[in-house]
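Secondary and tertiary structure notes
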Amino acid sequence: MKFACCWAGIVGVLFVFQSALLPMLAFHGVSADLLLAFVVSFAFLRGSRLGVLCGFLCGLLQDLATGTFFGTNIFCKMVIGYVCGAFSNRVFKEQLFLPLLSVAMASVLNYFLLAVLMVLLGYRFDLLVHLQQVLVPMVLYNIVFAMPVHYLVYLTCERMKEKK
Amino acid sequence: MSKVRRDRDSGRTIWILVFVAVSVFCIIFFAARGRFSVPFSSRAVTAAFTPFQRAFSWAGNQVQDVTTNIWDILTVHQQNKMLRNEVEQLRAQNIQANEYAAENIRLRSLLNYKQAVTQFDLVFGRVIGRESASWTGMIVIDRGTNDGVQKDMAVVTERGLVGNVIEAGPFSSKVELLLDPRAAVGTLVQRSRVAGIVEGDPSVPMQPRMVNIPRNADIVEGDVIVTSGFGGVYPKGLIVGTVASVKNDAGGLLKYALLEPAVDFQKLEDVAVIVASREAPPEPLKPPVQTPGTETPVPQPESSAGGEK
């Protein structure tokens, strides 16, 4: 319970940081998705089951707080949590290159999942233009913030292990 | 035994995951179409995060203000240079805009004049040169024989007479101003129809004189002087100026009047050359005022009667 509260606090801080501060650094309205980076790191370090749960809760928080199409963030982050968690046994978790590459790939996956959902909901857009204007800056932003988020999650996991 | 249980657990987990994923997928579509709303309002979540968001946002704004101020201080020199440049450019643009505005006003008034004087065919021209010696005697305009301008044509503005063409080239013409000492314009006092000749006065370059006025002629200050039409160069009725003062001639038999020209020769930029003139159409007859009780019906004009038919 104590650990869960700790994780919830971290997610809350990341969300507030993402929603209140990062828009000041936004490029054409696009800024980093810290919760995505958190879900990726968490899933890599704790496995697919907890990754899915983390993705579900983070997505739920985003959907409830930002008021977009309800469920889209839940679905995308769950899938990303599961996929990243599935790879958690096959990679060496301590290496620094891991969060950068995984967050970049997760950002692309998240973008395309959302794009497919939007298309299925009946919205049309010019994919090439949208890729340039949204995906590229989003991936770059996420890569920049991936390392500190991963470091935060990694340190928290280690401390929890020590306490256990 | 434990392996079998682990396999069963993992299978159950996958089924649960698939079920949740499908449920969320369905929720997305139901929510998008308004058939599903979140059981507990998202307002609660928003309200819970609002104070923190506000605090972070405030802190972020403060940091941004500080960094912006520091950046401003660091870049103030460069910014100053750019602003000076911009100010210079804007000043130049402003001057140009004022020029265009003034030109627009001049051309508009000339156009109004053209529409008002239907008895004249006008060719509009721009002053492209002035005699450098006195600035009062001669101008060059950018219209010539190619545009129908010929020697001895009258040149006017919407205010009145400017002078006449003394030399016409294919693309430009020289115009002798009313102020030139060589100019001589046959004129009339509009009110009393007293005739005289307006000529330039070399001693007072901006005030032409009306000479050859009999001593007992009816002319006073403020009288409007118009062209008489004698001589054939200037059409009748063009305004030349107003009488500023009347003086006796040295000989004692005649007097002369100093005129305030109607045209501002210092600001002469656009002019019109009268290339053809006709008699002005007569004013429509107005029925006299009738004594009450003895009115006779006024006949309707034919055109309106035809229109009614």
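Residues numbered from 1 in each chain as written. Chains lettered and ligands numbered in written order. Predicted model: local features only at pLDDT ≥ 70, side-chain atom pairs only at ≥ 80, totals over all residues.

1. Looking at the overall build of chain A
Within chain A one finds 6 helices and 0 strands. Starting at the N terminus, the α and β elements of chain A follow one another as α-α-α-α-α-α. Here chain A holds 164 residues, and 40% of them are scored as buried. Put simply, of all contacts in chain A between residues at least 6 apart along the chain, 73% involve residues at least 24 apart. (Helix = DSSP H or I, 4+ residues; strand = E, 2+ residues; numbered from the N terminus. Buried ≥ 20, exposed ≤ 12 C-beta atoms within 10 Å, placed from the backbone. Contact = placed C-beta atoms within 7 Å.)

2. So, the overall build of chain B
A count of helices and strands for chain B gives 3 helices and 12 strands. Pairs at least 24 apart in sequence give 55% of the contacts found in chain B among residues at least 6 apart.

3. Some details on the packing of helix 3 (residues 48–66) of chain A against helix 4 (residues 72–86) of chain A
Residues and elements named next belong to chain A. Packing of helix 3 against helix 4 brings their axes to within 7 Å, and their N-to-C directions diverge by 160°. Between helix 3 and helix 4, the angle falls in the class roughly antiparallel. In this structure, helix 3 crosses over helix 4, and the sense of that crossing is right-handed. Across the interface between the two elements, Ser48, Arg49, Gly51, Val52, Cys54, Gly55, Phe56, Cys58, Gly59, Leu60, Gln62 and Asp63 from helix 3 touch Thr72, Asn73, Ile74, Cys76, Lys77, Met78, Ile80, Gly81, Tyr82, Cys84, Gly85 and Ala86 from helix 4. Broken down by class, the residue content of the contact of helix 3 with helix 4 amounts to 12 nonpolar, 9 polar and 3 charged. (Axes fitted to C-alpha atoms, helices over the stretch in contact; angles between N-to-C directions. Parallel < 35°, antiparallel > 145°, perpendicular 65-115°, else oblique. Left-handed = near helix turned anticlockwise from the far one by under 90°. Nonpolar A, V, L, I, M, F, W, Y, C, P; charged D, E, K, R; others polar.)

4. Digging into the pairing of strand 5 (residues 173–177) of chain B
Residue and element names in this part refer to chain B. The buried count for strand 5 comes to 4 of 5 residues, which makes it a mostly enclosed element. Bridge count between strand 4 (residues 161–168) and strand 5: 5 bridges; the pairing is antiparallel. By the bridge assignment for strand 5, Gly163 is matched with Leu177. (Pairing = 2+ DSSP bridges.)

5. Some thoughts on the confidence of the model for chain B
Residues and elements named next belong to chain B. This prediction gives chain B a mean pLDDT of 82; 85% of its residues lie at or above 70. Predicted confidence for residues 303–309 stays below pLDDT 50, and this span has 1 contact to residues more than four positions away or in other chains. Complex prediction metrics read pTM 0.51 and ipTM 0.70. (pLDDT = per-residue confidence, 0-100.)

6. Regarding the sheet that holds strand 10 (residues 239–248) of chain B
Whenever strands of a sheet pair, they do so through backbone hydrogen bonds, lying parallel or antiparallel. Residues and elements named next belong to chain B. The strand order around the closed barrel built from 6 strands is 6-7-8-11-10-9, with neighbouring strands paired in antiparallel fashion. Direction aside, the axes of adjacent strands within the sheet are offset by 40° on average. Bridging between strand 6 (residues 184–189) and strand 9 (residues 224–227) involves 3 bridges; their strand directions are antiparallel. Bridged to Val189 within strand 9 is Ile225.

7. Side note on the nonpolar core
Counting 49 residues, the largest nonpolar core has Ala37, Phe38, Val39 and Val40 of chain A as the members making the most contacts within it. Listing elements by their share of this core, those giving two or more residues are helix 1 (2–21), helix 2 (34–46), helix 3, helix 4, helix 5 (97–120) and helix 6 (127–163) of chain A together with helix 1 (2–32) of chain B. The leading source of residues in this core is helix 2 of chain A, at 11 residues. Each residue touching Val40 of chain A, except ones within four places of it in the same chain, is listed here: Ile80, Cys84, Ser102, Val103 and Ala106 of chain A. Core analysis: the second largest hydrophobic core is formed by 38 residues, Leu161, Ile225, Val226 and Ala257 of chain B among them. (Core = buried A, V, L, I, M, F, W, Y, C linked by C-beta atoms within 7 Å.)

8. A closer look at the interface of chain A and chain B
Taken together, the contacts link 23 residues of chain A with 20 residues of chain B. Going through the elements one at a time, helix 1, helix 3 and helix 4 of chain A are the ones with two or more residues in the side of chain A that touches chain B. Top contributing element to the side of chain A that touches chain B by residue count: helix 1 of chain A, with 6 residues.

9. Focus on the sheet that holds strand 12 (residues 270–277) of chain B
All names here are of chain B. Read around the barrel, 6 strands follow the order 1-2-5-4-3-12 and close on themselves; strand pairing throughout is antiparallel. Averaged over all adjacent pairs, the angle separating strand axes in this sheet is 45°, with direction ignored. Summarising the sheet, strand 2 (residues 138–141) and strand 5 pair through 4 bridges and their orientation is antiparallel. Bridged to Ile141 within strand 5 is Ser173.

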